[in-house]
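Breakdown of the fold
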Amino acid sequence: MDTLTRLKNVPLFASLTPDNLTRVAELATRRSYPKGSFLCRQNERGETLYVIDSGEAILHQTDLRGVERPTGYLREGDSVGEDTLLLGDAYGSYAQATTDVEALCIRKQDFDRLLEEHPQIPRQLTVSRLVKERLHAPTFPWQGEDEPSLLLRKRHWFVFVRALPVPL
């Protein structure tokens, strides 16, 4: 599939105008990953969004106890690294090719430059709920530039009471 069509099917870029989608497509480079190789690694400083053009990959995470668990699969048209591209976060999981993979890669540095040159693009992106929450997370004066905020979630008081270890 050609780059433009593949990117149009990625939820993040689905709402872009044809001109802006073409601009994003011009940033994409194709890379090949042989079976068994890693596209990205958990906690590695991210700089690339990967869109699978052909092949398959498995996503897995290592938890705090060091146990590695599969968390998903990437097939043609799937992507990994949206939070990396938009927020500069480290990757949240490993992506390992289970077959030979051809991926479209968009580097954060190039994408940031495109957003500066074309300020209408951010308003057209279809950003995932989790990334939206992170973008709107509060920051505090005492935080360092690289220090992330933990997401604050509001829950109904009943959920809190129900979780108390005291029998009601």
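Keep in mind it's a predicted model, so treat the numbers as computed, not measured. (Residues numbered from 1 in each chain as written. Predicted model: local features only at pLDDT ≥ 70, side-chain atom pairs only at ≥ 80, totals over all residues. Heavy atoms only, no water.)

The next thing to look at is the sheet that holds strand β1 (residues 29-33). Strand order across the open sheet formed by four strands is β1-β8-β3-β6, with antiparallel pairing between neighbours. Each end of this open sheet is capped by a strand with a single partner; those strands are β1 and β6 (79-80). The pairing of strand β3 (residues 48-54) with strand β8 (residues 101-107) spans six bridges and is antiparallel. Considered in β8, the bridge of Ser54 is made with Glu102. (Pairing = 2+ DSSP bridges. Helix = DSSP H or I, 4+ residues; strand = E, 2+ residues; numbered from the N terminus.)

What follows concerns the sheet that holds strand β7 (residues 94-97). Strands sit in the order β2-β7-β4-β5 across an open sheet of four strands; the sheet is antiparallel. The two strands at the open ends of the sheet, each matched to only one other strand, are β2 (38-40) and β5 (68-74). Each strand of the sheet is rotated relative to its neighbour by a mean of 30 degrees, with strand direction disregarded. (Axes fitted to C-alpha atoms, helices over the stretch in contact; angles between N-to-C directions.)

A word on the nonpolar core. In terms of nonpolar packing, the biggest core is built from 23 residues, with Leu7, Leu12, Phe13, Val24, Ile106, Phe111 and Leu125 touching the most fellow members. Among the elements of the structure, α2 (18-27), β3, α3 (82-87), β8 and α4 (108-117) are those that each provide at least two residues to this core. Looking at which element gives the most residues to this core, the answer is α2, with four residues. Counting 15 residues, the second largest nonpolar core, distinct from the first, contains Tyr33, Leu39, Ile52 and Ala97. (Core = buried A, V, L, I, M, F, W, Y, C linked by side-chain atoms within 4.5 Å. Buried < 20%, exposed > 50% of the residue type's maximum accessible area, 1.4 Å probe, protein only.)

With that settled, the discussion passes to unusual backbone geometry. For Asn43, which is not glycine, the phi torsion reads 70 degrees and is therefore positive. Looking at where Asn43 falls in the secondary structure, it is placed in the loop between β2 and β3.

Below, the discussion takes up the pairing of strand β4 (residues 57-62). Taken together, the six bridges between β4 and β5 define a ladder with antiparallel strand orientation. The residue bridging Gln61 from the neighbouring strand is Arg69, located in β5. In this structure, the hairpin formed by β4 and β5 is closed by a connection of five residues, where Gly66 is found at a positive phi of approximately 85 degrees. Judged from the four bridges that link them, β4 and β7 form a sheet pairing that is antiparallel. Bridging from a neighbouring strand, His60 pairs with Tyr94 of β7.

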